[in-house]
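# Report on the structure
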Amino acid sequence: MTIQESAKSTLANMVEAHLTSLVREAACVQRHSKRARYHPTSSSASSNTAAASGTDGGDQTGVLRRRLAAEDINLALQWRGSEKLYATSIVAPEVDSNKDNRKIDLQAYLNNENQARAPSELALTSHWLAVDGTQPAIVQNPASLLRKKGLFHRVEEEDDDNVAIAGGSASAAGGIQSQEQNASSTASKTTSGVSVRQLLPRVLSEELQLYFTRITLTLERGGATPTTRRQQDAALASLARDAGLNELVPFLVRYVTKKLYSHLNQPEHCRTLIRMTRSLLSNPHVHLELHLQELMPVLVTCTVAEKLYSKPSENHWALRYDAAETLVQACNMFGDEYVTLKPRVLTVFCEAIEPRKAPATQFGGIVAITNFGPKAIDAFLLLFTESKKHLAVSYWEAWESDLETATLTNMDRRQEIQQCQQALLNAVAIYLECVNPKEQAERIDRDGLVDAFGEKLVPLENGMEDYTMCIL
């Protein structure tokens with residue numbers, strides 16, 4: 001039987017490919033089995049002999065040879081699903097005659113291995129993040145930063161040198177980039193020695209970075225002209241309705257807080273920033289509950305700080321009113337989720353209306369309590385003092401005496417007192433409007449209010465007097 005030349009060539013190629021694949025797989029098995037042997041050369045063999053005799057034989061060199069054994073080929077065939085070979089003429093693995101017979105000190109080996117600390121087992125532990133709104137001083141919680149002095153109710157503020165603030169119209173365009181440049185230096189300069197994770201603007205998309213730049217530039221231009229006012233209104237309306245801003249919220253909140261703290265003597269610019277905060281609160285797609293610890297202190301500061309102007313003629317009263325409205329809006333939004341939020345804020349405002357406080361601070365406290373509604377007015381402004389008078393009556397009488405003693409040259413003092421009186425009258429008017437006459441008769445001393453307020457009380461109760469006359 002003769003085979004054609006083409007068939008011989010094809011068969012030879014198939015056998016060659018089969019053997020090549022088998023050898024490659026057997027070499028892989030040998031490598032994983034670590035059956036390679038070190039074979040010294042002629043020079044290294046003489047050096048080994050010299051080393052055995054105690055003389056210096058120079059550097060030891062050799063060749064690492066890999067010879068396939070029958071076990072390697074059989075394992076490769078078994079891996080391929082073929083029948084193993086039973087041949088005995090295959091070269092067996094060579095045993096190195098110059099094997100190192102040194103003794104191994106097990107104690108030294110164990111000591112060396114025990115130097116590396118074994119990893120601890122993964123587990124979950126629980127600890128208190130906050131108790132009644134206050135962070136406990138335990139190891140698991142990061143230490144609070146040093147508090148800055150000179151501002152009212154400023155809590156956990158970082159060093160101004162380490163905080164990137166986008167200031168001015170030029171820096172607003174590069175505000176995000178400046179925050180990124182200082183991120184690495186701030187992480188190592190915290191006052192408590194704890195590394196704090198910084199905001200990384202580079203993780204934002206180019207669209208969000210451009211959005212941030214446009215918003216900040218528009219707000220910093222001011223509203224001096226009708227065009228800039230329309231641009232501001234459009235920007236704030238965009239913040240109040242746009243979706244997809246959650247990644248930008250930390251940067252917007254940081255921008256608002258830093259700008260407010262650094263521009264407390266510019267009421268008009270602060271009012272714009274307060275409007276920006278109100279827009280963020282009004283946006284249904286934005287989650288601000290994670291940033292209340294940054295927003296609430298600055299809103300309280302803008303409400304009850306003693307001085308929020310560079311000139312007494314500036315309208316800082318409107319700033320206090322806007323800040324109080326925004327603060328009450330935040331409390332109404334998150335008060336059900338954080339049950340201690342409203343009591344803590346009202347406690348601050350109750351301290352702000354104490355007689356020892358400045359009139360501007362008292363004005364902010366009265367306005368804020370008024371925005372909480374008639375129940376807050378009844379509990380904190382119309383409560384009875386030790387002299388059996390309403391607290392509002394005591395304040396009114398003290399202010400009237402101050403007006404009598406104040407000279408005509410001290411117009412700033414007179415204006416502050418008059419603003420406080422107007423805020424108190426508004427609070428009483430809201431209470432008389434929202435509470436029915438029967439409950440008023442049970443809870444307030446009408447004769448005391450009439451004696452204190454006099455004719456100023458008449459416009460506040462016209463509706464009630466007409467209703468009472470109809471009943472009669």
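Residues numbered from 1 in each chain as written. Predicted model: local features only at pLDDT ≥ 70, side-chain atom pairs only at ≥ 80, totals over all residues. Heavy atoms only, no water.

### So, the side chain of Gln 362
Among the secondary structure elements, Gln 362 is positioned in helix α15 (residues 359-371). The exposure class assigned to Gln 362 is buried, which follows from its relative accessible area of 4%. The contacts of Gln 362, once residues within four sequence positions are left out, are Ala 352, Ile 353, Glu 354, Pro 355, Lys 357, Trp 399 and Cys 420. (Helix = DSSP H or I, 4+ residues; strand = E, 2+ residues; numbered from the N terminus. Buried < 20%, exposed > 50% of the residue type's maximum accessible area, 1.4 Å probe, protein only. Contact = heavy atoms within 4.5 Å.)

### Thoughts on the pattern of salt bridges
If the charged atoms of two oppositely charged side chains come close together, the side chains can form a pair. Within the structure shown, the criterion is met by 9 salt bridges. Taking the shortest distance from any N to any O, the salt bridge between Asp 233 and Arg 275 comes out at 2.8 Å. Of this pair, Asp 233 sits in helix α9 (residues 226-241) while Arg 275 sits in helix α11 (residues 267-282); the two residues are 42 residues apart in sequence, bridging distant segments of the chain. Assessed through its relative accessible area of 40%, Asp 233 is described here as partly exposed. The exposure class assigned to Arg 275 is partly exposed, which follows from its relative accessible area of 34%. Across the pair Asp 378 and Arg 443 runs a salt bridge, and its minimum N-O distance is 2.4 Å. Remark: Arg 443 occurs in helix α19 (residues 437-443) and Asp 378 occurs in helix α16 (residues 374-380); sequence separation between them is 65 residues. On the accessibility criterion, Arg 443 (41% relative accessible area) is partly exposed. (Salt bridge = Lys/Arg side-chain N within 4 Å of Asp/Glu carboxyl O.)

### With respect to the confidence of the model for the protein chain
Fine structural detail should not be taken from predicted coordinates in areas where pLDDT scores are low. Averaged over all residues, the pLDDT of the protein chain equals 76, while 71% of them reach at least 70. Low confidence marks residues 44-59, where pLDDT is under 50. Its contacts with residues over four positions away, or in another chain, come to 11 contacts. (pLDDT = per-residue confidence, 0-100.)

### Here we look at the packing of helix α12 (residues 292-304) against helix α13 (residues 316-334)
In contact at an axis separation of 8 Å, α12 and α13 are set at 145 degrees when each is read in the N-to-C sense. Viewed along their axes, α12 and α13 form a crossing whose handedness is left-handed. Facing Leu 292, Met 296, Leu 299, Val 300, Cys 302, Thr 303 and Val 304 of α12, the residues of α13 in contact are Leu 319, Arg 320, Ala 323, Ala 324, Thr 326, Leu 327, Ala 330, Cys 331 and Phe 334. For the contact of α12 with α13, the per-class residue count stands at 13 nonpolar, 2 polar and 1 charged. (Axes fitted to C-alpha atoms, helices over the stretch in contact; angles between N-to-C directions. Left-handed = near helix turned anticlockwise from the far one by under 90°. Nonpolar A, V, L, I, M, F, W, Y, C, P; charged D, E, K, R; others polar.)

### Re helix α8 (residues 206-220)
Over its 15 residues, α8 runs 21 Å from end to end, which matches the ideal 21 Å to within 8%, given 1.5 Å per residue. For α8, the buried fraction is high: 11 of the 15 residues fall into the buried class. Buried within α8 we find Leu 208, Gln 209, Tyr 211, Phe 212, Thr 213, Ile 215, Thr 216, Leu 217, Thr 218, Leu 219 and Glu 220. (Expected span 1.5 Å × (residues − 1).)

### Some remarks on the packing of α12 against helix α14 (residues 341-352)
For the pair α12 and α14, the least separation of the axes is 11 Å and the interaxial angle reads 25 degrees. In terms of their interaxial angle, α12 and α14 are classed as roughly parallel. When the axes of α12 and α14 are compared, the crossing they make is right-handed. Contact residues: α12 offers Leu 292, Met 296, Val 300, Thr 303 and Val 304, while α14 offers Leu 341, Val 345, Val 348, Phe 349 and Ala 352. In the contact of α12 with α14, the residues fall into 9 nonpolar, 1 polar and no charged. (Parallel < 35°, antiparallel > 145°, perpendicular 65-115°, else oblique.)

### Considering the environment of Asn 436
Relative to the assigned elements, Asn 436 resides in the loop between α18 (411-434) and α19. We classify Asn 436 as partly exposed; its relative accessible area is 39%. For Asn 436, the side chain forms a polar contact with the main-chain nitrogen of Glu 439, separated by 2.8 Å. (Polar contact = N/O pair within 3.5 Å; in protein donor to acceptor, adjacent residues only side chain to side chain.)

### Quick word on the packing of aromatic side chains
Tallied over the full model, the rule gives 3 aromatic pairs. Between Phe 212 and Tyr 255, the ring centres sit 5.9 Å apart and the planes meet at 80 degrees, which makes this aromatic pair edge-to-face. Of this pair, Phe 212 sits in helix α8 while Tyr 255 is found in helix α10 (residues 249-262), placing the two residues 43 residues apart along the sequence. On the basis of relative accessible area, Phe 212 is assigned to the buried category, the value being 0%. Residue class for Tyr 255 comes out buried when judged on its relative accessible area of 3%. A ring pair is formed by Tyr 395 and Trp 399, whose centres lie 5.9 Å apart and whose planes are at 40 degrees; its orientation type is tilted. (Phe/Tyr/Trp six-rings, centres within 6.5 Å; stacked < 30°, edge-to-face > 60°.)

### Considering the nonpolar core
Residues Leu 239, Met 276, Leu 288 and Phe 453 are the most contacted members of the largest nonpolar core, which totals 87 residues. Residue contacts for Met 276: discarding those within four places in its chain leaves Ile 215, Leu 219, Leu 236, Leu 239, Leu 252, Tyr 255 and Val 256. Residues Leu 22, Ala 26, Ile 73 and Leu 77 belong to the second largest nonpolar core, which totals 6 residues. (Core = buried A, V, L, I, M, F, W, Y, C linked by side-chain atoms within 4.5 Å.)

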